[in-house]
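The residues making up each chain are set out below.
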Amino acid sequence: MIQFIKCHGSDNDFLLIDEKTNHYQFTEEERSQLSIVLCDRNNGVGSDGILFVMNSEVAEARMRMFNSDGTEAEMCGNGLRCVARHIIEQEGRAKVQIETEKAVLAVEQVEPIYEGIDTFSVTIEPVSFEVQSLPMKFEKDEALDVVIPELSDDLTFTALSVPNPHIVTIVDKVNQRELEATGKKANNLSEVFPKGVNVSFVQILATNKIFVQTYERGVGLTNACGTAMSASTLVSTILGSNEVETPIVVINKGGLVNCVVEKAERRYSIQLRGNATNVYTATIDVSLENNEWNWIDSTTHQNEIDIYQKLKDFAASQIY
Ligand SMILES: N[C@@H](CCC[C@H](N)C(=O)O)C(=O)O
């Protein structure tokens, strides 16, 4: 039996499995296989990934995130907010730390970004513009607003890791089909991106207001990607559309978040603030030998769903 919370950040949805509290002991192979079987939108529960919450020796908890194709990501911004909420509620404190693959990150409950929405802020770092940090094979140490000839003749991209790998381009209007085609191409281009890459198209809506959509490595098109919205905010700020130390409104297909770019000496970090909504809590029976699973029970958190819908409707009205 496995208990999980179906949750989302900006409608980027996850199954949160608390290995720590439930004393689950999965092997690496089992975590990957659970992600493939349970995230499947046709035959599984359906989600963009699984958040495994584990014991940590250096923080209140450790988060590991697996994409729906069974690969593990270095970081997940929307998922980290969901884990932040879970641990903040468990610990009864508004500020805790979560260990991720590359860093121990501060997370806290903050002022609502929208009426009635419990809001969590997570620090997105370390940030690097060195192409080897993605990794990306390129003729220079950094790829800042440049054409990547293997990918597109006209779009210009900026590459960065936050710390998972991203490329970001600014467009007049986001064309979802072009984004999907570019994302697929980039993730079949191992001579440039040996570990794949998350690809984002950014539309500048106004000063300090952007729309972002992302083709995620290991998943495909998603409603939102937290690390991508953070990376896109930073890139559009550096390229002149936003201000630093100021909340930037980031509209996405699943809602909206606020991102604040912080710069200390030559190092950037981004505060990502948004919802962490629990949709339902469930228990299932899983047999990984034959990739089968069955519902045992589930409880829907209808109140949270209804409150979130208001934010989502508002965000949809902001896309033009
Ligand atoms: N949706 C996540 C990122 C998940 C990992 C990504 N697909 C990758 O492989 O790097 C987010 O909210 O950041």
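Being a predicted model, the structure only gives us computed values, none of them experimental.

**A word on the site of the ligand**
- As a matter of local geometry, the ligand sits amid 15 residues, with Asn12, Gly77, Arg217, Gly226 and Thr227 nearest to it.
- At 2.8 Å, a backbone N or O of Gly77 approaches an oxygen atom of the ligand.
- In isolation the ligand offers 360 Å² of accessible surface; the protein chains occlude 100% of this area.
- Spatially, the ligand is embedded in the largest cavity.
- Looking at the shell around the ligand, the elements that each hand over two or more residues are β4 (61-67), α3 (77-91) and α5 (226-238).
- Broken down by class, the residue content of the shell around the ligand amounts to five nonpolar, eight polar and two charged.
- When residues of the shell around the ligand are assigned to domains, at least three map to each of domain 1 (2-123 + 276-317) and domain 2 (131-273).

**Section: the domain arrangement of the protein**
- You can read the domains of the protein as domain 1 (2-123 + 276-317) and domain 2 (131-273).
- A separation of 23 Å is found between the C-alpha centroids of domain 1 and domain 2.
- Taken together, the contact between domain 1 and domain 2 spans 28 residues of the former and 28 residues of the latter.
- Area buried by domain 1 at its contact with domain 2 is led by Ser10, Glu74 and Ile113, which between them contribute 23% of it.
- Here domain 1 and domain 2 share one salt bridge between them.
- For the salt bridge of Arg217 with Glu74, the shortest nitrogen-to-oxygen distance reads 2.7 Å.

**Focus on the UniProt feature "binding site: substrate" (unreviewed entry) in the protein**
- Mapped onto the present numbering, the UniProt feature "binding site: substrate" (unreviewed entry) falls at Asn12, Asn67, Gly77, Asn78, Asn164, Asn198, Glu216, Arg217, Gly226 and Thr227. As for the annotated residues, the ones lining the largest cavity are Asn12, Asn67, Gly77, Asn164, Asn198, Glu216, Arg217, Gly226 and Thr227.
- With respect to the secondary-structure elements, Asn198 resides in strand β12 (residues 198-206).
- The contacts of Asn198, once residues within four sequence positions are left out, are Asn164, Pro165, His166, Ile167, Thr214, Tyr215, Glu216 and Arg217.
- At 2.9 Å, the side chain of Asn198 forms a polar contact with the backbone oxygen of Pro165.
- Among the structural elements, Glu216 can be located in strand β13 (residues 209-216).
- When its relative accessible area of 7% is taken as the criterion, Glu216 is described as buried.
- Ignoring anything within four residues of it in the chain, the contact list for Glu216 reads Asn12, Asn67, Asn198, Thr222, Ala224 and Cys225.

**A short note on unusual backbone geometry**
- The linkage connecting Glu125 with the following residue, Pro126, adopts the cis geometry, with an omega of -5°.
- Structurally, Pro126 can be placed in the loop between β8 (119-124) and β9 (146-147).
- With an omega of 0°, the peptide bond running from Leu134 to Pro135 counts as cis.
- Its identity is not glycine, yet Asp11 carries a phi of approximately 65°, on the positive side.
- Its location among the elements puts Asp11 in the loop between β1 (2-9) and β2 (12-18).
- A residue is classified by how much of its surface remains accessible, and Asp11, at 18% relative accessible area, is buried.
- Phi is positive for Asp145, close to 55°, though the residue is something other than glycine.
- Note on placement: Asp145 falls in the loop between β8 and β9.

**Some details on α3**
- Here α3 is 15 residues long and its end C-alpha atoms lie 21 Å apart, about the 21 Å a rise of 1.5 Å per residue gives.
- For α3, the tally of buried residues reaches twelve of 15 residues, placing the bulk of the element in the interior.
- Listed as buried for α3 are Gly77, Asn78, Gly79, Leu80, Arg81, Cys82, Val83, Ala84, Arg85, His86, Ile87 and Ile88.

**Thoughts on the pairing of strand β19 (residues 292-300)**
- Of the pairings in the sheet, the one linking strand β18 (residues 277-287) to β19 comprises eight bridges and is antiparallel in character. Bridged to Ile284 within β19 is Trp295.
- Hairpin remark: β18 followed by β19, antiparallel, with four residues in the connecting loop; positive phi at Asn291, about 50°.

What counts and how
- Residues numbered from 1 in each chain as written.
- Predicted model: local features only at pLDDT ≥ 70, side-chain atom pairs only at ≥ 80, totals over all residues.
- Heavy atoms only, no water.
- Near = heavy atom within 4 Å.
- Polar contact = N/O pair within 3.5 Å; in protein donor to acceptor, adjacent residues only side chain to side chain.
- Areas by Shrake-Rupley, 256 points an atom, 1.4 Å probe, with all protein chains shown as cover.
- 1 Å grid on protein atoms, 1.4 Å probe; cavity = no way out; pocket = protein on both sides within 12 Å on 5 of 7 lines; lining within 4 Å.
- Sits in = over half its atoms within 2 Å of the grid points.
- Helix = DSSP H or I, 4+ residues; strand = E, 2+ residues; numbered from the N terminus.
- Nonpolar A, V, L, I, M, F, W, Y, C, P; charged D, E, K, R; others polar.
- Domains from an automatic or database assignment.
- Contact = heavy atoms within 4.5 Å.
- Buried area = accessible area lost by both parts, 1.4 Å probe.
- Salt bridge = Lys/Arg side-chain N within 4 Å of Asp/Glu carboxyl O.
- UniProt positions renumbered as here; feature names shortened; annotations may be inferred.
- Buried < 20%, exposed > 50% of the residue type's maximum accessible area, 1.4 Å probe, protein only.
- Expected span 1.5 Å × (residues − 1).
- Pairing = 2+ DSSP bridges.

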